[in-house]
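Given next are the chains, with one letter for each unit.
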Amino acid sequence: MLNIIRLIFAICVILLIVPQTQTENVLLRIFYETRIFKNYGQTKKVLNLITWICIFIFLFLTFTNIFY
C-alpha cells in the first residue's frame, strides 16, 4: 500500500515540476486561467507551495521506515 502512495506522489512531483521552466510555465498559466485566484502572484505562490508539499511528502514516504 505504501508503494502505491509513494508512486502516486512521485507521479505528482514529476507532473508538477516538468512543465515549470524559467521561460514558459504551462501549469501556472492553466491555474491562472481558472480564475480561482485573485492575481498572478497568488497563483504563483500556491503552485510553488503545492510543488514543495508534494516533494516533501514524497521524500518523507521514501526515506522513513515508520510504516514498516
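This write-up is about the structure you can find in this document. (Residues numbered from 1 in each chain as written. Predicted model: local features only at pLDDT ≥ 70, side-chain atom pairs only at ≥ 80, totals over all residues. Heavy atoms only, no water.)

### Topic: the layout of surface pockets
It is a probe the size of a water molecule, rolled over the atoms, that shows where empty space is left. The line we're drawing: Two kinds of site are reported from a 1 Å grid over the protein atoms alone, namely cavities, where a 1.4 Å probe fits but cannot get out, and pockets, open sets with protein on both sides within 12 Å along at least five of seven lines, and residues are called lining when an atom falls within 4 Å of a point. Grid points are joined across faces, edges and corners, and a volume is the space filled by probe spheres set on the points. Helix numbers and strand numbers start at the N terminus; a helix is a DSSP run of H or I with at least 4 residues, a strand a run of E with at least 2.
Estimates place the volume of the largest pocket at around 300 Å³. Lining the largest pocket we find 14 residues, and of these Q20, T21, N25, K44 and L47 sit closest to its centre. Mapped by element, the contributors of at least two residues to the lining of the largest pocket are helix 1 (2-17) and helix 3 (40-63). Among the elements that take part in the lining of the largest pocket, helix 3 stands out by supplying seven residues, more than any other.

### Section: the packing of helix 1 against helix 3
A packed helix pair is summarised by two numbers, namely the angle formed by the two axes and the spacing between the axes. As a reminder of what qualifies: Structural elements are reduced to axes, namely lines fitted to C-alpha atoms, with helices fitted over the stretch in contact, and the angle between N-to-C directions of any two is expressed from 0 to 180 degrees. The handedness criterion is simple: a crossing whose near helix is rotated anticlockwise from the far helix by less than a right angle is left-handed, and one whose near helix is rotated clockwise is right-handed. Contact definition: two residues touch when any of their heavy atoms are within 4.5 Å. The nonpolar class holds Ala, Val, Leu, Ile, Met, Phe, Trp, Tyr, Cys and Pro. Asp, Glu, Lys and Arg form the charged class, and all remaining residues, Gly among them, are polar.
Direction vectors running N to C along helix 1 and helix 3 enclose 145°, while the axes themselves pass 9 Å from each other. Of the two elements, helix 1 crosses helix 3, and the hand of that crossing is left-handed. Mapping the contact onto sequence places L2, I5, R6, F9, A10, C12, V13, L16 and I17 in helix 1 and L47, I50, T51, C54, I55, I57, F58, L61 and T62 in helix 3. Its residues placed into classes, the contact of helix 1 with helix 3 shows 15 nonpolar, two polar and one charged.

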